[in-house]
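Next come the chains, spelled out residue by residue.
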Amino acid sequence: MADPADRAAIVGAGHTRFGALREGPRELLRQAVDLAEATVDRGWGRDPPDAAFLATLGFGGWQLGNASALLAEEAHRVGCPVIRVENACASGGSALEAGVRAIESGRADRVLVAGLEKMTDLPSARRRYWLGVSGDTEWERLAGLTFAGVYALLASAHRSAFGTPPEALAEVAVKNHRNGLRNPNAHFRREITRDQVLAAPRVADPLGLYDCCPVSDGAAALLLVRSSEARRYTDTPVVVAGLGSASDYLAVQERPLRTGLAATRQAARQAFRHAPFDRDGLSFVEVHDCFTIAELLALEDLGLAPPGGAAEMTLAGATARTGALPVNPDGGLKSKGHPIGATGVSQVYEVFRQLRGDAGERQVPGAARALTHNVGGSGASAVVALFEAA
Ligand code: COA
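A quick note: this is a predicted structure, and the numbers were derived from the prediction, not measured.

Rules used in this analysis
- Along each chain, numbering runs from 1 in the same order as the chain's sequence is written.
- Under the rules for a predicted model, residues below a pLDDT of 70 receive no local features and side-chain atom pairs below 80 are neither given nor counted, while totals for whole chains, interfaces and linings still include all residues.
- To obtain the side-chain values, all non-hydrogen atoms of the structure were used and water was disregarded.
- A pair of sulfur atoms, both from cysteines and within 2.5 Å, is called a disulfide here.
- Only protein chains enter the accessibility calculation, which uses a 1.4 Å probe. A residue is then buried if its area is under 20% of the maximum for its type, exposed if over 50%, and partly exposed in between.
- For this purpose, a residue is taken to be near a molecule or strand whenever a single non-hydrogen atom of the residue falls within 4 Å of it.
- The term polar contact refers here to a pair of N or O atoms within 3.5 Å; inside protein, the definition further demands a hydrogen-donor-capable atom paired with an acceptor-capable atom, and it admits residues adjacent in sequence only when both atoms are side-chain atoms.
- Method for areas: the Shrake-Rupley scheme with a 1.4 Å probe, in which residue coverage is limited to the protein chains shown.
- Helix numbering and strand numbering both begin at the N terminus, where a helix is a DSSP run of H or I of at least 4 residues and a strand a DSSP run of E of at least 2.
- Charged means Asp, Glu, Lys or Arg here, nonpolar means Ala, Val, Leu, Ile, Met, Phe, Trp, Tyr, Cys or Pro, and polar covers whatever is left, Gly included.
- What counts as an axis is a line fitted to C-alpha atoms, over the stretch in contact for a helix, and the angles between N-to-C directions run from 0 to 180 degrees.
- Roughly parallel covers angles under 35 degrees, roughly antiparallel covers those over 145, roughly perpendicular covers 65 to 115, and oblique covers all other angles.
- Left-handed describes a crossing whose near helix is turned anticlockwise from the far helix through less than a right angle; right-handed describes the clockwise counterpart.
- Throughout, a contact is declared for two residues whenever any of their heavy atoms are within 4.5 Å.
- Annotation comment: domain bounds sourced from an automatic or database domain assignment.
- Summed over both partners, buried area is the accessible surface (1.4 Å probe) that two parts give up on being assembled.
- Values of pLDDT, which run from 0 to 100, indicate the predictor's confidence residue by residue.
- Working definition of a nonpolar core: buried Ala, Val, Leu, Ile, Met, Phe, Trp, Tyr and Cys residues. They are joined through side-chain atoms within 4.5 Å.

Caption draft 1: Molecular detail of the state of the cysteines. Per the counting criterion, the structure on display carries zero disulfides. Its sulfur unpaired, cysteine 213 is 5.9 Å from the next cysteine sulfur, which belongs to cysteine 290. With a relative accessible area of 16%, cysteine 213 lands in the buried category.

Quick look at the structure:
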């Protein structure tokens, strides 16, 4: 990581509602950028950023071949250089990384990072096709394996190794739906019970309907500057204190590890290597819970629970909003929703709100340091970032 003064700091963040929305991609982007600019306390003005990065898979009916131009137009910044970042469900985390590196290298002083996906304009079967394109084609997709199917394989392997009870997976869904109830942007804002999760129709055994994140539309945006400049814009910047990213084999069958995600482990090691705090300094974490098992794997891979220990931690309530280590206080992908390109940016939006003490009903008391964890595909890429209130 860069010297503390050269680190990137977030001075503004915006977020649309997530869900099945009537708005198209242009309107979603415009809303997210306008909301981000509205959160900057002073001095952002109308000058274009030096660089912008747009995370999107280009899912569904819009396909969005040259989506970067949309961001420049809808942000009213035509002329600004924009690079599109596509890294499956980790696109948002990778766009953040690109933005942070642009600041740290001295190439840019003001950076816009946005994430977008419009997914619900297609019928179910076509959605499955678009979800599948981020997985392995030869051995998984064309053989009929869906993303839920891949994570079901990981859940079964975890259960064989550690005896992970179905109740622990169910509790992840119950807790994240409870958190989502307090998030006005969440796709689902309703409580569910453990019995409902366990009795729901199976999608890919052992995962049922409530073990899965939904298919959602939405966008989010961040404004970044150098830490040493951040107070020109706000008294409460949020500094990017560590960042790591890694990749793995695309197909699960090629991977030596089946009870965790090696890319997450490697990204976490990098992120913490030069960070000013360690895991015990975290106030809360935002992890990539695309399926309930993914939250348990994340806690173990990030070194926040011992191997096989995340189930007990979850069942004991430690990951609840008021527990020892709150996990996904915004409802996570499970309840807030998962518009693919927007997700990694949305996690950082939550960190920005929480670390400024501005998260309303879902505020984690005393939040000072946080981690985001964004996974692409079934673990073929991962980005881990650390943040602290400046
Ligand atoms: N959690 C809770 N409820 C859900 C849900 C979810 N994930 N997905 C859909 N529902 C609800 C809907 O609100 C709807 O309820 P209603 O009848 O009361 O209105 C009902 O289930 C049917 O919705 P529908 O959209 O027709 O469901 P579907 O069968 O087409 O899709 C899944 C359900 C689980 C297959 C779909 O949400 C899915 O594929 N999720 C995973 C997405 C994914 O893989 N993302 C990438 C991760 S790496």
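From this point, the narrative continues.
Caption draft 2: Layout of the site of the ligand. What surrounds the ligand is a group of 16 residues, the closest being Ser124, Cys212, Cys213, Pro214 and Lys334. Backbone polar atom of proline 214 to a nitrogen atom of the ligand: 3.4 Å apart, as the coordinates give it. Separating a nitrogen atom of the ligand from a side-chain N or O atom of lysine 334 is a distance of 3.1 Å. When the ligand is considered free in solution it has 920 Å² of accessible area, and contact with the protein chains removes 62% of it. Broken down by element, the residue count for the shell around the ligand peaks at three residues, all from helix 4 (residues 124-132). Residues of the shell around the ligand, tallied by class, amount to eleven nonpolar, two polar and three charged.

Caption draft 3: Representation of the packing of helix 1 (residues 25-39) against helix 2 (residues 67-74). Running from N to C, helix 1 and helix 2 point in directions that differ by 50 degrees, and their axes come no closer than 9 Å. In terms of axis orientation, helix 1 runs oblique to helix 2. Here helix 1 runs over helix 2; the crossing is right-handed. Where helix 1 abuts helix 2, its residues Pro25, Arg26, Leu29, Arg30 and Val33 lie against Leu70, Leu71, Glu73 and Glu74. Taken together, the residues of the contact of helix 1 with helix 2 break down into five nonpolar, no polar and four charged.

Caption draft 4: Representation of the domain arrangement of the protein chain within the structure. Per the domain assignment, the segments making up the protein chain are domain 1 (4-122 + 216-239) and domain 2 (136-213 + 241-389). When each unit is reduced to the centre of its C-alpha atoms, the spacing between domain 1 and domain 2 is 23 Å. Taken together, the contacts link 48 residues of domain 1 with 37 residues of domain 2. Both faces considered, domain 1 and domain 2 share a buried interface measuring about 3100 Å² in area, 65% of it formed by carbon and sulfur atoms.

Caption draft 5: Focus on the environment of arginine 353. In this fold, arginine 353 is placed in helix 13 (residues 340-355). Contacts of arginine 353, omitting those with residues within four sequence positions, involve Asp358, Ala359 and Gln363.

Caption draft 6: Geometry of the confidence of the model for the protein chain. Overall, the prediction assigns the protein chain a mean pLDDT of 95, with 99% of residues at 70 or greater. Mean pLDDT across the secondary structure elements of the protein chain bottoms out at helix 4, with 85, and peaks at strand 9 (residues 284-286), with 99.

Caption draft 7: A look at the nonpolar core. Grouped together as the largest cluster of nonpolar side chains are 51 residues, with contacts concentrated most on Tyr151, Leu282, Val285, Phe291 and Ile293. Every element with two or more residues in this core is listed here: helix 6 (147-162), helix 7 (166-180), strand 8 (238-247), helix 9 (262-273), helix 10 (292-301), helix 11 (310-315), strand 10 (369-376) and strand 11 (381-389). When residues of this core are assigned to their parent elements, the largest contribution, seven residues, is made by helix 6. In contact with valine 285, other than residues within four places in its own chain, are Leu299, Leu304, Leu325, Pro326, Val327, Asn328, Pro329 and Leu371.

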